[in-house]
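# Secondary and tertiary structure notes
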Amino acid sequence: MMTKTTQPGAEPANVFEDRATPGQWRVEWFDDDGRCELEIFSGPDARRQALRYAMRRYGHFREVQLEPYPPR
């Protein structure tokens, strides 16, 4: 049985595709003290794995889309 680390007042986890490595998906969660937990998923079903992990681990999350890095 996996316990959720979500604490009252904590932000939901963020799920997003890595801007530097397309195809890699990240799950980030910050607690009220600023501590961060990070999981990285890769492979053909990385997005699905990341979403499933966020739901199981944190209970609430938001999928965000980051702007691409500006061209150099």
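Note: the structure precedes this text.
Cut-off values and rules
Residues numbered from 1 in each chain as written. Predicted model: local features only at pLDDT ≥ 70, side-chain atom pairs only at ≥ 80, totals over all residues. Heavy atoms only, no water. Helix = DSSP H or I, 4+ residues; strand = E, 2+ residues; numbered from the N terminus. Buried < 20%, exposed > 50% of the residue type's maximum accessible area, 1.4 Å probe, protein only. Areas by Shrake-Rupley, 256 points an atom, 1.4 Å probe, with all protein chains shown as cover. Pairing = 2+ DSSP bridges. Axes fitted to C-alpha atoms, helices over the stretch in contact; angles between N-to-C directions. Contact = heavy atoms within 4.5 Å. Expected span 1.5 Å × (residues − 1). Arc of directions from axis to C-beta.

## A few points about the overall build of the chain
Regarding its fold elements, the chain presents 1 helix and 4 strands. In sequence order, the secondary structure elements of the chain are arranged as β-β-β-α-β. Going through the 72 residues of the chain one by one, you find that 31% of them count as buried. Put simply, the chain shows about 5200 Å² of open surface, and 50% of that area lies on carbon and sulfur atoms.

## Here we look at the sheet that holds strand β3 (residues 36–41)
With mixed pairing, 4 strands are arranged side by side in an open sheet as β3-β2-β1-β4. Among the strands making up the open sheet, the edge pair consists of β3 and β4 (61–63). Across the sheet, the mean angle separating the axes of adjacent strands is 20 degrees when strand polarity is ignored. Note: strand β2 (residues 25–30) against β3, 6 bridges, orientation antiparallel. Residue pairing across strands places Phe 30 opposite Cys 36, the latter belonging to β3. Where helix α1 (residues 46–58) meets the sheet, it contacts β1 (13–17), β2, β3 and β4, and its direction lies at approximately 20 degrees from that of β2.

## Focus: α1
The end-to-end C-alpha distance of α1, which contains 13 residues, comes to 18 Å, matching closely the 18 Å that a straight helix rising 1.5 Å per residue would cover. Within α1, the full set of buried residues consists of Ala 46, Ala 50, Leu 51, Tyr 53, Ala 54 and Tyr 58. For α1, the arc enclosing every buried residue in end-on projection is 165 degrees, short of the 170-degree limit, so these residues lie on one face. Next to the buried residues of α1 lie β1, β2, β3 and β4.

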